[in-house]
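Structure assessment
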Amino acid sequence: MKLYNTLSKTVEQFTPINPGEVRIYSCGPTVYNYAHIGNHRAFLFADFLHRAMRIIGGYSVKWVMNITDIDDKTIRDSALNSPEWKVEFGKQTNDPKENLKKLTSFYAQEFLQDISVLGIKKEHFFAMPYATDYIPQMLDLIENIYKNGYAYISNGSIYFNVGLWVSKEKYGKLFAIDFDNIISGSRIDSDEYAKEQASDFVLWKAKKDDEPFWDFTLDNQYLPGRPGWHIECSAMGNHILGLPFDIHTGAVDLRFPHHEDEIAQSKAGYGVDTSTFFCYNEFLEVEGKKMSKSLGNFYTLKDLLHKGLDPLDIRFSLLSTHYASVHNFTFFGIESAKKARLRIQEYIHECFELSGNDFHEIAIIDTFESDLKESIADDLHTPKAIEIVFTFMKSYPANTLSNIQKNNVLTIFDMLNQLFDVWKISPKEKVELAIPEYVLEIGRQRWEAKKNREFQKADELRDVLLQNGFTSKDSKDGFELLPL
Ligand code: AMP
Ligand code: ZN
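Residues numbered from 1 in each chain as written. Chains lettered and ligands numbered in written order. Predicted model: local features only at pLDDT ≥ 70, side-chain atom pairs only at ≥ 80, totals over all residues. Heavy atoms only, no water.

What about the domain arrangement of the chain?
So the rule is basically this: Boundaries between domains were set according to an automatic or database domain assignment. Here, two residues are considered to be in contact whenever any of their heavy atoms come within 4.5 Å of each other. Buried area is understood as the total, over both parts, of accessible area removed when two parts are fitted together, assessed with a 1.4 Å probe. Distance and chemistry together define a polar contact, namely a pair of N or O atoms within 3.5 Å, with one atom able to donate a hydrogen and the other to accept it when in protein, and with adjacent residues in sequence counting only for side-chain atoms on both sides. Secondary structure follows DSSP: runs of H or I at least 4 residues long count as helices, runs of E at least 2 residues long count as strands, and numbering of each begins at the N terminus.
Taken domain by domain, the chain consists of domain 1 (2–281), domain 2 (289–420) and domain 3 (437–483). Relative placement of domain 2 and domain 3: their C-alpha centres are 30 Å apart. The interface is formed by 8 residues belonging to domain 2 together with 8 residues belonging to domain 3. Summing both sides of the interface, domain 2 and domain 3 together bury roughly 650 Å²; the carbon and sulfur share of this comes to 65%. Contact with domain 3 buries surface across domain 2, with Lys302, Leu305 and His306 losing the most and accounting together for 67% of the total. Where domain 2 touches domain 3, the interface holds 1 residue pair in polar contact (both at pLDDT 80 or more). In terms of residue count, helix 8 (residues 301–306) provides more of the side of domain 2 that touches domain 3 than any other element does, 3 residues in total.

Considering the coordination of the zinc ion (ligand 2)
Put simply, the rule reads: The rule for donors is simple: N, O or S, within 2.8 Å of the metal, or within 3.2 Å if the metal is Na, K or Ca. Water isn't counted, so a site may look like it is missing partners. Remark: exposure states derive from per-residue accessible area (1.4 Å probe, protein chains only) relative to the maximum for the residue type, with buried under 20%, exposed over 50%, and partly exposed in between.
The protein atoms donating to the zinc ion (ligand 2) are Cys27 (SG), Cys233 (SG) and His258 (NE2), with metal-donor distances spanning 2.1 to 2.2 Å. By relative accessible area, Cys27 is classed as buried at 9%.

Quick word on the site of ligand 1
Let me state the cut-off plainly: Nearness here has a simple test: a residue counts as near a molecule or strand if at least one of its heavy atoms is within 4 Å of that partner. Accessible areas in this description were obtained via Shrake-Rupley with a 1.4 Å probe; residue shielding takes into account the shown protein chains only. Both cavities and pockets are sets of points on a 1 Å grid over the protein atoms alone; in a cavity a 1.4 Å probe fits but cannot get out, in a pocket the set is open with protein on both sides within 12 Å along at least five of seven lines, and lining residues sit with an atom within 4 Å of a point. Being in a pocket or cavity means that more than half of the molecule's atoms lie within 2 Å of its grid points. For this classification, Asp, Glu, Lys and Arg are treated as charged, while Ala, Val, Leu, Ile, Met, Phe, Trp, Tyr, Cys and Pro are nonpolar and the rest, including Gly, are polar.
Taken together, 18 residues surround ligand 1, and among them Thr30, Ala251, Asp253, Leu284 and Met291 come closest. At a separation of 2.8 Å, a nitrogen atom of ligand 1 approaches a polar backbone atom of Met291. Bound to the protein, ligand 1 loses 92% of the 490 Å² it would expose on its own. Assessed atom by atom at 2 Å from the grid points, ligand 1 resides in the second largest pocket. Elements with a minimum of two residues in the shell around ligand 1: helix 1 (37–55) and strand 12 (245–251). When residues in the shell around ligand 1 are grouped by element, the largest group, 4 residues, is from helix 1. Considered class by class, the residues forming the shell around ligand 1 number 8 nonpolar, 7 polar and 3 charged.

As for empty space enclosed by the protein
Stated precisely, the cut-off is as follows: Grid points are joined across faces, edges and corners, and a volume is the space filled by probe spheres set on the points.
Overall, the coordinates contain 5 cavities of 30 Å³ or more when judged by the stated rule. One number sums up the size of the largest cavity: a volume of about 110 Å³. As for the largest cavity, its lining consists of Arg41, Leu44, Phe45, Phe48, Leu318, Leu319, Thr321, His322, Tyr323, Leu380 and Thr382. Those elements that place two or more of their residues in the lining of the largest cavity are helix 1 and helix 9 (311–320). At 4 residues, the largest contribution of residues to the lining of the largest cavity is made by helix 1. When its residues are assigned to classes, the lining of the largest cavity shows 7 nonpolar, 3 polar and 1 charged. Both domain 1 (2–281) and domain 2 (289–420) contribute no fewer than three residues apiece to the lining of the largest cavity. Considered as a void within the structure, the second largest cavity measures approximately 90 Å³ in volume. As for the second largest cavity, its lining consists of Glu110, Gln113, Asp114, Val117, Leu301, Lys302, Leu305, Ile442, Gln445, Leu461 and Val464. Elements with a contribution of two residues or more to the lining of the second largest cavity: helix 3 (96–117), helix 8, helix 15 (437–451) and helix 16 (455–467).

The structure is reproduced here in structure tokens:
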């Protein structure tokens, strides 16, 4: 396998640290609201990468994706009187930690449902840690950094001394930082900041009124507070996978400050590097602008399902663009992806039909297989892989293949489907009778919501089922999905 490594800015041959095993850490969602399709591009990229490492690389994979359930935004939206509070979270109390938990568990649940509908399978994760479960590990790391002289206390918060770090180690391994604009001794408290603000960043933030906090005593000073965002991933990555691991993923906006700060903290505290490879997906854009909540130009997965879009087409569409290229989101693009996906599906069906042809030349099939594997092994070149499939289908229509050839081709499509996961490797009749897996999943989610007396959510999911051409017949013990 070859991958573009942002550390070296080149495509490098990938070799894992532990032979045969790849450890991947992906920065996961911040659960303060629904994830949008742009966020899902980042998760689908990591999903594809880990599948490629297993299927094409032949490695066993430990894949970790964290859930950020404490940061500026989750705290802001769980605060008393926040306009973002919804009745579905439950009743707010006077305990900020409890309110935080209620808001974040709601959105974490929504996230898990989204990714399962998008074909990201729970069983593929080695772990999905919640940041709030790793506060002691974060405190250990902060203590180490402080003892090693790279952190200082100011007004009850703890900061990383970037100026000192820069004098000893490279800061800016992933991203060209404009050091002229670093103001010596200036400090930044917010979790996200621009490159011109590369000043001392916060490791631990002093408790504020009505905000969640944890106890911490450092250097005989009592410092109640809560972690900064960057320290979370350093501590979870180290505790769960061990540092350095093999590949760190995220979208390009995580290069700085998030990953740059992770590298500095982990080296300053644990004395080790973070990861051998840093791999980033480019943005999903809408009319030339990053899809983001702040710009308001986003769709959630539910928005798209409500419009009757098939998640298989969304998955295929997002994976069809090379991960390091910008993907422009349009409904026309999803429609084109659907056509391409169904054309391939049709070809797969045709390969199940018996052939009168007994021409057994196998070399063409071997070339097809090796070209496909090579395209994925070469920095996950999915557009190239799809092009190879279309060229093959055009050159060798299914009715010109012998039974043996068709069997071999089906084995190759099965391999490809372990990566893309958007086709059914079965004869046509079976597919038509079956209810699509994502519709079943929505049916199950609706049934769960109904059982938990979350009626608004159950009604919404019933609408999604209707949009997809199904209705749910409920009985005392379960439900049955019927086509409209
Ligand atoms: P967040 O929930 O904001 O922490 O973001 C989760 C992941 O989505 C991170 O890896 C982000 O960098 C990534 N992300 C955010 N917006 C986009 C976008 N428009 N396209 C691709 N990835 C994105
Ligand atoms: Zn992270």
